[in-house]
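Residues per chain are reported as follows:
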Amino acid sequence: MYGVTRVLGIDGGYRGFYARNTIPLTPKVVNDIHKRGGTILGTSRGGHDTSKIVHSIQDRGINQVYIIGGDGTQKGASVIFEEIRRRGLKVVVAGIPKTIDNDIPVIDRSFGFDTAVEEAQRAINAAHVEAESVENGIGLVKLMGRYSGFIAMYATLASRDVDCCLIPESPFYLDGKGGLYEYIEKQLKENGHMVIVIAEGAGQELLSESMQQDASGNKLLQDVGLWISQGIKDYFSKQKMTINLKYIDPTYMIRAVPGNASDNVYCTLLAQSVVHGAMAGYTGFTSGLVNGRQTYIPFYRINEKQHKVVITDRMWARLLSSTNQPSFITNKEVIEDRKEHISGEEKNAENPNDENCADVAPENVNDSIP
Ligand SMILES: Nc1ncnc2c1ncn2[C@@H]1O[C@H](COP(=O)(O)OP(=O)(O)O)[C@@H](O)[C@H]1O
Ligand SMILES: O=P(O)(O)OC[C@H]1O[C@](O)(COP(=O)(O)O)[C@@H](O)[C@@H]1O
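As annotated in an unreviewed UniProt entry, the protein chain is ATP-dependent 6-phosphofructokinase 3-like from Populus alba x Populus x berolinensis. In UniProt, the protein chain has this text filed under Function (unreviewed entry): "Catalyzes the phosphorylation of D-fructose 6-phosphate to fructose 1,6-bisphosphate by ATP, the first committing step of glycolysis." Note on the protein chain: under the UniProt heading Subcellular location (unreviewed entry), the record states "Cytoplasm".

Okay, here's the thing in structure tokens:
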């Protein structure tokens, strides 16, 4: 449509700009990639050297850069965009949101999320079958989600076999009245089995803090699944009650599957519209669906904050009423949280540019660069 003759793939994330050879991308090369998991380009953490990246873009004569990744990647893209602007180059920088955690704000969802929720059903089903087959069976499934519990929340809502869903946004406690152990005991006494879903970032404040980071600076989390399995076993052993706990960690198996039909359609839509935006001369934006509509969102809006489950919102309330689990929070905390949320919304209403991306426009490379 646009008569482009050369498309280069950057191998292995940001460091691939300056440390690796490029991969020529032709229609033949990319024809089947939606049927495979992972990435033919490779991925990495760390290695964002802005100056070297922009030098490489200049040296190779690249005039449009499309960057696919999560919140860290979008931040990196924004820094590249600023440097390109500072150097006065006529190069478009556009982002495509990709993370199964769904922690990118503004957009309806990032691609891969829907697939992850669907694939998580297999693990939850297995946990349910195992738990139901034995006396006092507990099936425990860990799902991804460092800071945002969307996969756990949606997988729980979709399955309806889950009795308790624990996410990073909803602090919980273990012992005493209203605590997790009391709830598990009640469920086992009433139903003889139960299924728990836990997001990898849930309850991290209860574990000893890890000081380790990955190359991108993300904190390396402790395995909350193993930790809570042990806690549950210890509790019931003290209660002299026999339980059968099966812990399933399907996290990388879920991340490695090919996208489902809905994610494939979403990718087509994102890919086509990001190219149309770049060809129209827009730059410094991420492409994404907002309330079902295709939009171009300036980097500064995408990078403002992380998208998280709001535990005083309806979706979490729906989850609580479908699992019947305790909310682990007091009324006072709900009121405080709600107040905070509402005051945030009011602030945005006063300044719609802060929250409504329809009112903010990305830059046009032809206008902004001399
Ligand atoms: N604030 C930042 N500025 C520049 N580069 C960043 C920033 N945050 C992350 N990056 C880079 O973005 C890449 C991806 O970030 P990472 O956090 O690993 O994954 P994700 O994009 O999935 O959140 C890494 O190469 C990392 O170095
Ligand atoms: O491959 P790694 O480095 O172990 O990544 C694991 C992390 O990647 C994720 O799947 C996605 O996180 P990011 O979006 O930050 O890359 C997390 O849920 C998980 O903690």
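Student: Even after reading the chapter, I still don't get the packing of helix α3 (residues 50-60) against helix α4 (residues 71-86), so can you show me in this structure?
Tutor: Between two packed helices, the angle of one axis relative to the other and the distance separating the axes together describe the packing. Across the interface, α3 lies against α4 with an axial gap of 10 Å and an inter-helix angle of 60°. Crossing of α3 over α4 shows right-handed handedness. Residues T50, I53, V54 and I57 of α3 touch α4, and the partners they reach there are V79, I80, E83 and I84.

Student: Looking at this structure, how should I read a nonpolar patch on the surface?
Tutor: On the surface, M1, Y2, V4, V7, Y66 and M279 cluster together to form a nonpolar patch covering roughly 610 Å² of accessible area. Structurally, the position occupied by M1 is in the segment before β1 (8-10).

Student: Is there a simple way to explain the sheet that holds strand β3 (residues 64-69) in this structure?
Tutor: Two modes of strand pairing occur in sheets, parallel and antiparallel, and in both the strands are linked by backbone hydrogen bonds. Spatially, the 4 strands line up as an open sheet ordered β3-β4-β10-β11, and their pairing is mixed. For this open sheet the edge positions go to β3 and β11 (293-298), each flanked by a neighbour on one side alone. Going from strand to strand, the sheet's axes swing by 30° on average, the running direction of each strand aside. Sheet topology places β3 next to strand β4 (residues 92-97); 6 bridges connect them, and they run parallel. Residue pairing for β4: V65 is matched across the bridge by V93.

Student: Sorry if this is basic, but what is going on with the pairing of strand β5 (residues 137-143) here?
Tutor: The side chains of a regular strand alternate between both faces of the sheet. Burial analysis of β5 places 7 of its 7 residues in the buried class, which makes it a mostly covered element. Burial along β5 is two-sided: G137, G139, V141 and L143 facing one way and I138, L140 and K142 facing the other are all buried. Bridging between β5 and strand β7 (residues 193-199) involves 7 bridges; their strand directions are parallel. Across the sheet, the residue bridging to L140 is I196, located in β7. In this sheet, strand β8 (residues 244-248) lies alongside β5 in parallel orientation, the contact comprising 5 bridges.

Definitions and cut-offs
- Residues numbered from 1 in each chain as written.
- Chains lettered and ligands numbered in written order.
- Predicted model: local features only at pLDDT ≥ 70, side-chain atom pairs only at ≥ 80, totals over all residues.
- Heavy atoms only, no water.
- UniProt positions renumbered as here; feature names shortened; annotations may be inferred.
- Axes fitted to C-alpha atoms, helices over the stretch in contact; angles between N-to-C directions.
- Helix = DSSP H or I, 4+ residues; strand = E, 2+ residues; numbered from the N terminus.
- Left-handed = near helix turned anticlockwise from the far one by under 90°.
- Contact = heavy atoms within 4.5 Å.
- Patch = residues over 30% accessible without salt bridge, like charges linked within 9 Å, V, L, I, M, F, W, Y side chains within 5 Å.
- Areas by Shrake-Rupley, 256 points an atom, 1.4 Å probe, with all protein chains shown as cover.
- Salt bridge = Lys/Arg side-chain N within 4 Å of Asp/Glu carboxyl O.
- Pairing = 2+ DSSP bridges.
- Buried < 20%, exposed > 50% of the residue type's maximum accessible area, 1.4 Å probe, protein only.

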